[in-house]
Amino acid sequence: MKKMKRILSLAVSCLMAATLLAGCGASQSTAPSGDSASQPEGGENERITVRVFRSKQPHEVSMDQMEIFKIMGDKFNIDFKFDNPPQDNAVERLNLTFMETELPDVIMEIPMTDVLKYGQTGVILPLNDLIENKMPNLKAELDKREGVQDTLTYSDGNIYYLPMLDETPSGNMPYIVRTDWLDKLNLERPVTLEDWEHYWELVKTTDLNGNGKNDEIPFSSFDMEAVRNFCTAWGCLDDFYTDVDDGGKVHYGPIDDKYRQALTWLNEMYSKGYIDQEVITMDFSSFSAKLAQNVVGSFYGPLGGMLAAQNATMTASVPDFHCAAVQPPKGPNGHQIHSNIDLVPRAVVAATITSSCKNVDRVVEWLDWMYSPEGQQLLNLGVEGKHYEMVDGKPVYTDLVLNNPDGLSPKQAIGSFTISQGVMPSVLCFNQTSQLDDAAVLEAKTDYIIPFLEESNKYVIPGTISFSAEDDNERRAVMADVETYVDEMVMKFITGREPLSNWDTYVSKVKDMGIDKVIDIYQKTIDGMNK
């Protein structure tokens, strides 16, 4: 979905602080060391070359420099040849790759919405029989998770991708408030819309930064999405969603009456000056500069790139500075929804095997090992004694990761030897992520995100949804025009440039653009997934 793509794009660009993802570890170390892994298994096997496509994330070194691939190469008698373009031009490079006569053996990066198309045209292989008969480690992980194999199975009955089974909480974009300012005002963290309005009013009228100026901004953000997302308090999403109040039917939030009620409130907040008047033109760079001025009372953003980063950097200039996550805003009927989540456990597209692969059995053997306890530990943690140690039966990162001698952040340090800070064919679990979380991030997850995931999942359409090629083409064609028009009109409604008395005219135009056809496509696809 459009919103999830924006979030993922932002999250990988925020290297200001380290958060997430160290993966599952067994209770004792079973990962191969550099020495033991150097002995190839199945010595009669001829050494082969396996070509792998995957983008290089900003915090990573090139994959041919990563130690885990050297270890796996020796273990499975494989020479890896990587097509590892920078993330900024990975989509362009992938599109060019699909035009080539001979594809890579493994592609670790295909958009979810394109998987079925490439599967049905024979570009990537169906994996059902391979998973059932030749991938015992993946099969064991799927058997542990009720419904996940059904999620992986497309409408034609085939499985086309190997998943990253991600069990970490995915609600990583909470609203954030200045708790040092709340303390000055003798207030608790806001929960209801009335709480928010009361806090914003006091921020607007109190010299909380002590500079003698009336320059405090109650709420700001790097784009309008954060403002629009307050609609969740009315029980709808700023996107397609399943409406619990309507039997779980698919709705398009920006034309719902619930959304109109949210816009009415947001227009009032904007007109009072509680919402940053520059939010319309804000980008991430200008917003970060504004945060550094010590004038913003609340905002919205990722746990690492915003919450942890602000607490880590702002105390140098504002010693008492502290910010923290809050609950999803609670609306008039009690709705509290995190919209930026996915199903847990998630089954993200992690790897596909192409029709050009000449050594399918050998490649499958290698990929399946990544789901084994040994493989999970190697991919997520690295080499025992170097990247982590076992302490009281649990893996703990060494100072090479947590206090890197070359000045790398923990995320960058991990990216120097493995791909675990991105998407990979393996398993990620929440029980080890706390090693890279500061107190505010850990609190955000445990107290302000996880308790709301079960209810939020009833509204959020999973990122694993995939449309037929015909439906996807129609959906994309309609939404190209709808999203442009909706973005323009919602901005005008909030700022008062368009009166809400024109709401019905706006909704009629969106319907004329074909939104009902797209809603039907979503409904049909979701109904098919649920069968």
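Here is a short report on the structure shown in this document. Remember, predicted model here, so these are calculated numbers, not experimental data.

**Some words on the overall build of the chain**
Right, on to step 1. Across its full length, the chain carries 22 helices and 13 strands.
Right, on to step 2. For the chain, the proportion of its 531 residues judged to be buried stands at 56%.
Right, on to step 3. The contacts of the chain with a sequence gap of at least 6 include a subset with a gap of at least 24, amounting to 77%.
Right, on to step 4. Counting every atom, the chain has about 21,700 Å² of accessible surface; 47% of that belongs to carbon and sulfur.

**Quick look at the pattern of salt bridges**
Right, on to step 1. With the rule as written, the count across this model stands at 32 salt bridges.
Right, on to step 2. Aspartate 472 is the salt-bridge partner of arginine 476, the closest N and O atoms lying 2.7 Å from each other. Placement of the pair is arginine 476 and aspartate 472 together in helix H20 (residues 469–495), with a separation of 4 residues, close to one helical turn.
Right, on to step 3. In this structure, glutamate 488 and lysine 492 form a salt bridge, with 3.1 Å as the shortest nitrogen-oxygen distance. Taken together, the residues glutamate 488 and lysine 492, both in helix H20 and 4 residues apart, mark about one turn of the helix.
Right, on to step 4. For glutamate 488, a relative accessible area of 37% translates into the label partly exposed.
Right, on to step 5. Among the residues examined, lysine 492 registers a relative accessible area of 23% and is labelled partly exposed.
Right, on to step 6. A single salt-bridge network, built from bridges that share partners, covers Asp114, Lys117, Asp472, Arg475 and Arg476.

**Overview of helix H2 (residues 67–76)**
Note on helix geometry: an α-helix contains 3.6 residues per turn, so any two residues three or four positions apart are oriented the same way.
Right, on to step 1. Among the 10 residues in H2, 7 count as buried, and that is most of the element.
Right, on to step 2. Along H2, the residues that are buried comprise Ile68, Phe69, Ile71, Met72, Gly73, Lys75 and Phe76.
Right, on to step 3. The inward-facing, buried residues of H2 abut strand E2 (78–83), helix H14 (360–369) and helix H15 (373–381).
Right, on to step 4. Where H2 ends, the next residue or the one after it, asparagine 77, has phi of about 60 degrees, a positive value.

**Section: the sheet that holds strand E5 (residues 175–178)**
Right, on to step 1. With antiparallel pairing, the 3 strands of this open sheet are ordered in space as E8-E5-E9. Whereas interior strands pair on both sides, the edge strands pair on one side only; in this sheet they are strand E8 (298–300) and strand E9 (323–325). Going across the sheet, the axis of each strand differs from the next one's by a mean of 25 degrees, ignoring polarity.
Right, on to step 2. Pairing analysis gives 3 bridges linking E5 to E9, with the strands arranged antiparallel. From the neighbouring strand, arginine 178 faces E9, where its bridge partner is cysteine 323.
Right, on to step 3. Its contacts with the sheet place helix H9 (residues 193–205) against E5 and E8, and it is angled at close to 40 degrees to E5.

**Re the pairing of strand E7 (residues 249–252)**
For a regular strand, the rule is simple: side chains alternate between the two faces of the sheet.
Right, on to step 1. Note that strand E6 (residues 240–243) and E7 share 4 bridges and pair antiparallel. Counted as the bridge partner of threonine 242 is valine 250 from E7.
Right, on to step 2. Linking E6 to E7, which pair antiparallel, is a turn of 5 residues; within it glycine 247 sits at a positive phi near 70 degrees.

**A few points about helix H6 (residues 136–143)**
Right, on to step 1. All of the buried residues along H6 are Leu138, Lys139, Glu141 and Leu142. Buried residues of H6, seen end-on, are gathered within an arc of 160 degrees and therefore sit on one face of the element. Opposite the buried face of H6, by more than 90 degrees, sit the exposed residues Pro136 and Asp143.
Right, on to step 2. Where H6 is buried, its residues meet helix H5 (128–134), helix H7 (148–152), strand E4 (162–166), H14, H15 and strand E13 (427–428).

**Digging into the environment of proline 174**
Right, on to step 1. Here proline 174 shows up in the loop between E4 and E5.
Right, on to step 2. For the pair proline 174 and alanine 226, spaced 52 residues apart in sequence, the C-alpha to C-alpha distance is 9.5 Å.
Right, on to step 3. Those residues within four positions of proline 174 in sequence are excluded, and the remaining contacts are Phe299, Tyr300, Gly301, Leu303, Ala325 and His338.

**Overview of empty space enclosed by the protein**
Right, on to step 1. According to the stated counting rule, one finds 2 cavities of 30 Å³ or more in the structure shown.
Right, on to step 2. By volume, the largest cavity amounts to about 80 Å³.
Right, on to step 3. Together, 15 residues line the largest cavity, and Met173, Asn229, Ile337, His338 and Ser339 are the ones closest to its centre.
Right, on to step 4. Tallied by class, the residues present in the lining of the largest cavity amount to 8 nonpolar, 7 polar and no charged.

**Considerations on the packing of helix H4 (residues 112–120) against H20**
Right, on to step 1. At their nearest, the axes of H4 and H20 sit 9 Å apart, and the two run at 140 degrees to each other. It follows that H4 is oblique to H20 by the angle criterion. The handedness of the crossing between H4 and H20 is left-handed. Residues Thr113, Asp114 and Lys117 of H4 form the contact with H20, whose participating residues are Ala469, Asp472, Arg475 and Arg476.
Right, on to step 2. Grouping the amino acids of the contact of H4 with H20 by side-chain chemistry returns 1 nonpolar, 1 polar and 5 charged.

**Overview of unusual backbone geometry**
Right, on to step 1. The phi dihedral of asparagine 186 falls on the positive side, at around 55 degrees, and the residue is not glycine.
Right, on to step 2. Residue classification places asparagine 186 among the exposed residues on the basis of a relative accessible area of 71%.
Right, on to step 3. Despite not being glycine, asparagine 294 has its phi angle at roughly 60 degrees, a positive value.
Right, on to step 4. Relative to the assigned elements, asparagine 294 resides in the loop between helix H12 (284–291) and E8.
Right, on to step 5. Relative accessible area serves as the criterion here: at 11%, asparagine 294 is assigned to the buried category.

**Re the packing of aromatic side chains**
Right, on to step 1. A complete count under the given rule lists 30 aromatic pairs for this structure.
Right, on to step 2. When the ring of phenylalanine 69 is compared with that of phenylalanine 80, the centres are 5.6 Å apart and the planes differ by 80 degrees; the resulting orientation is edge-to-face. Here phenylalanine 69, found in helix H2, pairs with phenylalanine 80, found in strand E2; they are 11 residues apart in sequence, far enough to count as distant. For the pair phenylalanine 69 and phenylalanine 80, one class covers both residues: buried.
Right, on to step 3. Between tyrosine 154 and tyrosine 160, the aromatic rings sit 5.9 Å apart at their centres with planes inclined by 50 degrees, giving tilted as the arrangement. We note that tyrosine 154, like tyrosine 160, is buried.
Right, on to step 4. Pairwise contacts between aromatic rings join Tyr175, Trp196, Trp200, Phe219, Phe230, Trp234, Trp265 and Tyr300 into one cluster.
Right, on to step 5. The ring of phenylalanine 76 has lysine 75 lying over it, and the distance from NZ or CZ to the ring centre is 5.8 Å.
Right, on to step 6. It is lysine 117 that lies over the ring of tyrosine 118; its NZ or CZ is 5.0 Å from the centre.

Calculation notes
Note on numbering: residues in each chain are counted from 1, in written sequence order. Per-residue local features are limited, in this predicted model, to residues with pLDDT of at least 70; the limit for side-chain atom pairs, both in listing and counting, is 80 or more; totals at the level of whole chains, interfaces and linings are taken over all residues. Working from all heavy atoms in the structure, the side-chain values ignore hydrogens and water. Each helix corresponds to a stretch of at least 4 residues labelled H or I by DSSP, and each strand to a stretch of at least 2 residues labelled E; elements are numbered beginning at the N terminus. To sort residues, take the accessible area from a 1.4 Å probe on protein chains only and compare it with the maximum for the residue type: under 20% means buried, over 50% means exposed, and anything in between is partly exposed. Note on contacts: a residue pair qualifies if any of its non-hydrogen atoms lie within 4.5 Å across the two residues. The accessible surface values rely on the Shrake-Rupley method and a 1.4 Å probe; as for residues, cover is taken only from the protein chains in view. Any Lys or Arg side-chain nitrogen found within 4 Å of a carboxyl oxygen on Asp or Glu counts as a salt bridge. We call two strands paired when DSSP finds no fewer than two bridges between them. Structural elements are reduced to axes, namely lines fitted to C-alpha atoms, with helices fitted over the stretch in contact, and the angle between N-to-C directions of any two is expressed from 0 to 180 degrees. Within this analysis, the arc is defined by the directions that extend from the helix axis to the C-beta atoms. Definitions used for this entry: grid spacing 1 Å over protein atoms alone; cavity, a set of points where a 1.4 Å probe fits but cannot get out; pocket, an open set with protein on both sides within 12 Å along at least 5 of 7 lines; lining residue, one with an atom within 4 Å of a point. Grid points are joined across faces, edges and corners, and a volume is the space filled by probe spheres set on the points. As a working rule, the residues Ala, Val, Leu, Ile, Met, Phe, Trp, Tyr, Cys and Pro are called nonpolar, Asp, Glu, Lys and Arg charged, and the rest polar, with Gly in that last group. An angle below 35 degrees is treated as roughly parallel, one above 145 as roughly antiparallel, one from 65 to 115 as roughly perpendicular, and anything else as oblique. By the definition used in this description, the sense in which the near helix is turned from the far one sets the handedness, with an anticlockwise turn below a right angle giving left-handed and a clockwise turn giving right-handed. Each pair of aromatic rings taken from Phe, Tyr and Trp, with Trp reduced to its six-membered ring, is defined by centres within 6.5 Å and is described as stacked if the planes are under 30 degrees apart, edge-to-face if over 60, and tilted in the remaining cases. We call a charge positioned over a ring when the NZ of a Lys or the CZ of an Arg lies within 6 Å of the ring centre and within 35 degrees of the ring normal.

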